[in-house]
Amino acid sequence: MGSQKNRISRCSFQTSHRPITSVEWHPSDSSVFGASGEDNQVSLWDLGVESSEPLIINDTEVPPQLLFIHQGQEEIKELHWHPHIPGVLITTSLDNFNIFKTISV
């Protein structure tokens, strides 16, 4: 690994000012990943979306690469893609675990 000054950022997204708790790449789509954070959200991203112009939804700028946001858990610690069912995510948190399937992946 090189020094920090030799690293190049390819992209940067921000939907929260809280720390990230888990990130996992989709097992069969190399441009898609899921992330969870201390903002109690799970977000799905697709880096294959090439548009750089943010979308405006309810007066809020949303990166076009953001596919989905799941809320409702407290203190999300981990997320994992189901290894055999495409699009299914499993999350664990302080108050429960969720298993859900998105329609976008």
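Before reading on, note that the structure itself is shown above.
My aim in this report is to walk through the structure given alongside it, one point at a time. (Residues numbered from 1 in each chain as written. Predicted model: local features only at pLDDT ≥ 70, side-chain atom pairs only at ≥ 80, totals over all residues. Heavy atoms only, no water.)

In this section: the sheet that holds strand 7 (residues 76-81). Read across the open sheet, the three strands follow the order 7-8-9; overall the sheet is antiparallel. Of all strands in the sheet, those with a lone pairing partner are strand 7 and strand 9 (97-101), marking the two edges. Ignoring strand direction, the axes of neighbouring strands in this sheet form an average angle of 20 degrees. The pairing of strand 8 (residues 88-93) with strand 9 spans five bridges and is antiparallel. Following the sheet pairing, Val88 is matched in strand 9 by Lys101. (Pairing = 2+ DSSP bridges. Helix = DSSP H or I, 4+ residues; strand = E, 2+ residues; numbered from the N terminus. Axes fitted to C-alpha atoms, helices over the stretch in contact; angles between N-to-C directions.)

Another point: the packing of aromatic side chains. Working definition: an aromatic ring pair is given by the centre-to-centre distance plus the angle between the planes. Enumeration according to the criterion identifies three aromatic pairs in this entry. Here Phe33 and Trp45 contribute two aromatic rings whose centre-to-centre distance is 6.4 Å and whose plane-to-plane angle is 10 degrees, an arrangement assigned as stacked. Here the residue Phe33 occupies a position in strand 2 (residues 32-37), and Trp45 occupies one in strand 3 (residues 41-46), the gap between them amounting to 12 residues. In this structure, Phe33 and Trp45 share a single accessibility class: buried. Following the ring pairs from residue to residue traces out a cluster consisting of Trp25, Phe33 and Trp45. (Phe/Tyr/Trp six-rings, centres within 6.5 Å; stacked < 30°, edge-to-face > 60°. Buried < 20%, exposed > 50% of the residue type's maximum accessible area, 1.4 Å probe, protein only.)

One non-glycine residue, Asn40, adopts positive backbone phi at about 65 degrees. Among the secondary structure elements, Asn40 is positioned in the loop between strand 2 and strand 3. Given the relative accessible area of 28%, Asn40 is considered partly exposed. Unlike most non-glycine residues, Glu75 shows phi in positive territory, near 55 degrees. Note on placement: Glu75 falls in the loop between strand 6 (66-71) and strand 7.

As enumerated under the stated definition, the model contains two salt bridges in all. Arg18 is paired through a salt bridge with Glu38; the nearest N and O atoms lie 3.3 Å apart. With Arg18 in the segment before strand 1 (20-25) and Glu38 in the loop between strand 2 and strand 3, the pair connects residues that are 20 residues apart, well separated along the chain. Using a relative accessible area of 47% as the deciding quantity, one classes Arg18 as partly exposed. By relative accessible area, which is 37% here, Glu38 ends up partly exposed. Where Lys77 meets Glu75, a salt bridge forms, and the shortest distance between an N and an O atom there is 3.9 Å. When its relative accessible area of 45% is taken as the criterion, Lys77 is described as partly exposed. Overall, Glu75 belongs to the partly exposed group, its relative accessible area being 40%. (Salt bridge = Lys/Arg side-chain N within 4 Å of Asp/Glu carboxyl O.)

Another aspect to go through is the side chain of Ser93. Take Ser93: it is sitting in strand 8. Within polar-contact distance, the side chain of Ser93 engages the side chain of Gln73 at 3.2 Å. One polar contact links the side chain of Ser93 to the main-chain carbonyl oxygen of Asn96, over a distance of 2.9 Å. (Polar contact = N/O pair within 3.5 Å; in protein donor to acceptor, adjacent residues only side chain to side chain.)

Shape descriptors only; they carry no functional weight alone.
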